[in-house]
Amino acid sequence: MLPDTDTAWPPPPFDRTQKIMTAWDAWYTGDTDRLADIYQRYPTYRPAQFSGGLVGRIARFFWGRPNPQATKRLHIPLAADLARGSSALLFSQPPRFVIGEDDARGNHKPAQARLELLLGGADTAATLLEAGELASALGGVYLRAWWDRSISDHVNLATMAADCAIPRWRYGRLAGVTFWQTVAEDTTSGEVWRHLEYHAPGRIHHGLYRGSRDHLGQRRQLIEHPDTAWAAPLVDSTAAIATGINTLTACYVPNVRPNRIWRHTPGLAQLGRSDLEGQEPMLDALDETWSAWMRDIDHGRSRLFIDKQLTHIRGPGAGASFDSEQAIFTPLPGASLGSLKDGAPPIVPQQFAIRWQEHSETATAITELILRDAGLSASAFGDDRTAGLITATGVNSRDKLSETTRDQKINYWKAELAPLARTLTELDHIHFGSRIELKANPEVRWPVRAQLPPLETAQRLAALKAVDLISTEQAVRERNPNWSGDDVNDEVARILREVEQRTRSQALQPRLSGNAAVHDQFAH
């Protein structure tokens, strides 16, 4: 249930996750102001820079150092690239939800078509891509069902970030979850209005609270704020909306497990592990490396040191200037050309070296360490430094780490998406009158990523077919691993028809040739 009295928000122990997720979110969004705020929470020139422990480690971060000279600091969005790449690895081709052949009551095809409408559209594919990014950055993500007849004609899927949710667990499974969002905030007074939405089996509770940045405050009527007024006429006397089903209308998908930092903390051990967990020092070092590289470029700009006698006096109090476009300089009185005094040349060029190779190799090494710790291959991000052609074996070896991580994460998604898909069909049946009724969870089929070039695949299948080591059906399945059974059967039927037609045509050809020869003989 939702709280009726004031309480700290987020409540313990989730206040700890909020702090760490705030740092992960700053790296993910590339907000350098927030990074500086997180790692510069102590006075400038503080003794903490020279101390040990957590305070000392934070203070020694690149983003936590004092910057009295306002030198240029560059942020590299590798955390965002990592989250995007992890999501694309999973959802660049969305999964397909398939009902069992003998599952749907009534006609199977209409039920499958309705399931495709619920979860097979571009909106669901986009939602899953968004969810994949958030799961990578924050350690996990929540999915929830929603329905509104004024907006859509079916039940929809939405994403909720892990840093705005308070889960309740039972035997390691999600038993309830409270989502919250800030609907209004007064920066002057510090007053904050929050909307809380608690998902329990069979019911969704709504609450509006007026409090402060770290306290929930007092509960108010939903009608008091325009962002929650829509729910006021829909809730019952307990401020809840009945869903009509006895299952939870939300689920939690962990990125990967176990969670290293909260493994022994009750209530937090069930959360997933972020791809950024433990990566903060390396991300900080990467920013420092690129900033040093850019500083080298800035320092490496060519400069000319000229003798004072070569400048043009602009008048009393106006200083002097030097025309860098002037081509000819005449010797000064009493001096020989090229030496004004003490044998020094009148113009001395200076060009500092730019250590581009050292910085490039350092940045590459740090990037590879970050990607490896996240379980991703550099090739997944288009970083292919291999010269010349690469064999199929080389491709598989290069991408092996990413493929292993992909398979690992797919299992977490399948475990949650399958029951949630059935929940969506039950909600759709109740609230939209669809005839889809399932006895079991739909099957979630993940697309197979092609590991071999199309030409090499075709040559391999042709060689197997030539010696009768593979059937036409199996060849079609391997050629199109993401096709459904009906698609494969249709393609096999088309191939067999074409082969039969070609065979008949070849059999008729000798007869036609013989008849032509007889006709010519009688003509002569």
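Residues numbered from 1 in each chain as written. Predicted model: local features only at pLDDT ≥ 70, side-chain atom pairs only at ≥ 80, totals over all residues. Heavy atoms only, no water.

A. Quick look at the packing of helix α1 (residues 14–29) against helix α2 (residues 32–39). Interhelical geometry of α1 versus α2 gives an angle of 145 degrees and a closest axis separation of 8 Å. Handedness of the crossing formed by α1 with α2: left-handed. For the pair α1 and α2, the contacting residues are Thr 22, Ala 23, Asp 25, Ala 26, Trp 27 and Thr 29 in the first and Arg 34, Leu 35, Ile 38 and Tyr 39 in the second. Grouping the constituent residues of the contact of α1 with α2 by class yields six nonpolar, two polar and two charged. (Axes fitted to C-alpha atoms, helices over the stretch in contact; angles between N-to-C directions. Helix = DSSP H or I, 4+ residues; strand = E, 2+ residues; numbered from the N terminus. Left-handed = near helix turned anticlockwise from the far one by under 90°. Contact = heavy atoms within 4.5 Å. Nonpolar A, V, L, I, M, F, W, Y, C, P; charged D, E, K, R; others polar.)

B. Here's a closer look at unusual backbone geometry. With omega at 0 degrees, the peptide bond leading from Pro 12 into Pro 13 counts as cis. Pro 258 follows Arg 257 through a cis peptide bond whose omega is 5 degrees. Within the secondary structure, Pro 258 sits in the loop between β10 (250–254) and α7 (280–299). Positive phi values are uncommon outside glycine, yet Ala 239 reaches one of about 60 degrees. In this fold, Ala 239 is placed in the loop between β8 (218–220) and β9 (240–242).

C. Here's a closer look at the pattern of salt bridges. With the rule as written, the count across this model stands at 17 salt bridges. With its nearest N and O atoms 2.3 Å apart, the salt bridge here joins Asp 236 to Arg 203. In this pair, Asp 236 is assigned in the loop between β8 and β9 and Arg 203 in strand β7 (residues 203–211), connecting sequence segments 33 residues apart. What makes Asp 236 partly exposed here is its relative accessible area of 33%. Ionic contacts of the salt-bridge type, sharing partners, join the residues Asp 25, Asp 31 and Arg 34 into one network. (Salt bridge = Lys/Arg side-chain N within 4 Å of Asp/Glu carboxyl O. Buried < 20%, exposed > 50% of the residue type's maximum accessible area, 1.4 Å probe, protein only.)

D. Spotlight on the pairing of strand β4 (residues 165–170). Pairing between β4 and strand β5 (residues 173–185): six bridges, direction antiparallel. Bridge pairing links Ile 166 to Thr 178 in β5. Adjacent in sequence and paired antiparallel, β4 and β5 are bridged by two residues, among which Tyr 171 carries a positive phi angle near 55 degrees. (Pairing = 2+ DSSP bridges.)

E. Local environment of the nonpolar core. Core analysis: the largest hydrophobic core is formed by 86 residues, its most contacted members being Leu 119, Tyr 142, Leu 143, Trp 413 and Leu 417. A per-element tally of this core places helix α9 (residues 392–432) first, with nine residues. Core analysis: the next-biggest nonpolar cluster, separate from the first, contains seven residues, Val 183, Trp 193, Leu 208 and Ile 241 among them. (Core = buried A, V, L, I, M, F, W, Y, C linked by side-chain atoms within 4.5 Å.)

F. Inspection of a nonpolar patch on the surface at higher detail. A contiguous nonpolar surface patch, about 290 Å² in accessible area, is contributed by Ile 297, Ile 354 and Trp 356. If you trace the backbone, Ile 297 turns up in helix α7. On the basis of relative accessible area, Ile 297 is assigned to the partly exposed category, the value being 36%. (Patch = residues over 30% accessible without salt bridge, like charges linked within 9 Å, V, L, I, M, F, W, Y side chains within 5 Å. Areas by Shrake-Rupley, 256 points an atom, 1.4 Å probe, with all protein chains shown as cover.)

G. Representation of the sheet that holds strand β2 (residues 140–146). The three strands are arranged β3-β2-β10 in an open sheet whose pairing can be described as antiparallel. Each edge of the open sheet is held by one strand with a lone partner, namely β3 (156–161) and β10. Strand-to-strand twist in this sheet, taken as the mean axis angle between neighbours without regard to direction, amounts to 30 degrees. In this sheet, β3 lies alongside β2 in antiparallel orientation, the contact comprising six bridges. Looking across to β3, one finds that Trp 146 is bridged to Asn 156. Docked against the sheet, helix α6 (residues 122–138) engages β2 and β3, running at close to 15 degrees with respect to β3.

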